[in-house]
Amino acid sequence: MYPTVQFFDELPCGKCNWDLKPSYSDPKEYLNTHFGYIECDVVCPQNLHIPLLPEKKDFKLIFDLTPKIKKVYSSVELLRALEAGYEITSITKSLHFDR
């Protein structure tokens, strides 16, 4: 990671907790209360010129608009993706940290 990101941005560190069976009614509310890494299914909007969420395919990091099934992203990335029109269909588990 770049030193400026480590200095200025929030990064998960410290004691962590697993949430293996998350219960939530609103994905955005869940992401706001669980800062860390989330395994989820995401549907991408088809009208984006530059996709936000990557996926590893054939040993390459690809930014495309295909649905993401059981992929792990940070809660910060997912909050930004929700603002851009992405939809979280299910959250499988999460590893969250104290802020």
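In this text the structure is predicted, and so the values were computed from the model without any measurement.

Q: Pulling in residues and values, what's your account of the overall build of the protein chain?
A: Check the secondary structure of the protein chain and you find three helices and six strands. Its helices and strands in sequence order give the protein chain the pattern α-β-α-β-β-β-β-α-β, from N to C terminus. Rg of the C-alpha trace for the protein chain: 14 Å, near the compact-globule value of 13 Å for 99 residues, within the 12% margin. Projected onto its principal axes, the C-alpha positions of the protein chain cover 35 × 35 × 25 Å. Put simply, the protein chain has 99 residues, and 35% of those count as buried. Once local pairs closer than 6 in sequence are excluded, the contacts in the protein chain between residues at least 24 apart make up 74%.

Q: Report on the sheet that holds strand E2 (residues 35-43), specifying residues and quantitative values.
A: An order of E1-E6-E2-E5 is seen for the four strands of this open sheet, with the pairing classed as antiparallel. In this open sheet, the two edge strands, each paired with only one partner strand, are strand E1 (16-19) and strand E5 (68-74). Averaged over all pairs of adjacent strands, the angle between their axes in this sheet comes to 25°, without regard to strand direction. Of the pairings in the sheet, the one linking E1 to strand E6 (residues 87-97) comprises four bridges and is antiparallel in character.

Q: How would you summarise the state of the cysteines if you had to cite specific residues and measurements?
A: Applying the stated rule across the entire model yields zero disulfides. No disulfide involves cysteine 40; its sulfur sits 10 Å from the nearest other cysteine sulfur, which is in cysteine 44. According to the relative accessible area criterion, cysteine 40 is buried, its value standing at 0%.

Q: I'd like a description of the pairing of strand E4 (residues 60-63), backed by residues and values.
A: Within a regular strand, the side chains alternate between the two sheet faces. Sheet analysis places strand E3 (residues 54-57) next to E4, joined by four bridges and oriented antiparallel. Within E4, the residue paired with lysine 57 across the bridge is lysine 60. What sits between the antiparallel neighbours E3 and E4 is a turn of two residues, in which aspartate 58 has the positive phi angle 50°.

Q: Please set out the pattern of salt bridges residue by residue, giving values where relevant.
A: Scanning all chains against the criterion turns up six salt bridges. Across the pair glutamate 55 and lysine 71 runs a salt bridge, and its minimum N-O distance is 3.6 Å. Highlighted residues: glutamate 55 in strand E3 and lysine 71 in strand E5, separated in sequence by 16 residues. Judged by its relative accessible area of 9%, glutamate 55 is buried. Put simply, aspartate 64 and lysine 57 hold a salt bridge, and the shortest N to O gap is 2.7 Å. With a relative accessible area of 14%, aspartate 64 lands in the buried category.

Q: Before we move on, could you go through the packing of aromatic side chains and cite the residues and values that matter?
A: Within this structure, the stated rule accounts for two aromatic pairs. Look at tyrosine 24 and tyrosine 30: their rings are 5.7 Å apart centre to centre, the planes differ by 50°, and that puts the pair in the tilted class. Judged by relative accessible area, which is 30%, tyrosine 24 ranks as partly exposed. Tyrosine 30 gets classed as buried once you look at its relative accessible area, which sits at 4%. Ring centres 6.3 Å apart and planes at 85° place the aromatic pair tyrosine 37 and phenylalanine 97 in the edge-to-face group. Of the two residues, tyrosine 37 sits in strand E2 while phenylalanine 97 sits in strand E6, which places them 60 residues apart along the sequence. The buried category is assigned to phenylalanine 97, whose relative accessible area is 13%.

Criteria and thresholds
Counting restarts for each chain, with residues numbered from 1 along the sequence as it is written. Owing to the predicted nature of the model, reporting of local features is limited to residues with pLDDT of at least 70; listing and counting of side-chain atom pairs is limited to 80 or more, with chain, interface and lining totals taken over all residues. Water and hydrogen atoms were dropped before computing side-chain values, which therefore reflect all heavy atoms in the structure. Secondary structure follows DSSP: runs of H or I at least 4 residues long count as helices, runs of E at least 2 residues long count as strands, and numbering of each begins at the N terminus. What the globule rule says is 2.2 Å times the number of residues to the power 0.38, and the radius of gyration is computed from C-alpha atoms. Summary of the burial criterion: residues with accessible area below 20% of their type's maximum are buried, those above 50% are exposed, and those between are partly exposed, where the area comes from a 1.4 Å probe applied to protein chains only. The contact criterion used is simple: two residues touch if any of their non-hydrogen atoms lie within 4.5 Å. Whether two strands pair comes down to DSSP finding at least two bridges between them. Under this scheme, a helix contributes an axis fitted over its contacting stretch, all axes are lines through C-alpha atoms, and angles between N-to-C directions fall in the 0 to 180 degree range. What counts as a disulfide here is a pair of cysteine sulfur atoms lying within 2.5 Å. The salt bridge definition used is simple: a Lys or Arg side-chain nitrogen within 4 Å of an Asp or Glu carboxyl oxygen. Side-chain rings of Phe, Tyr and Trp (the six-membered ring for Trp) are treated as a pair once their centres are within 6.5 Å; stacked means planes under 30 degrees apart, edge-to-face means over 60, and tilted covers the remaining angles.

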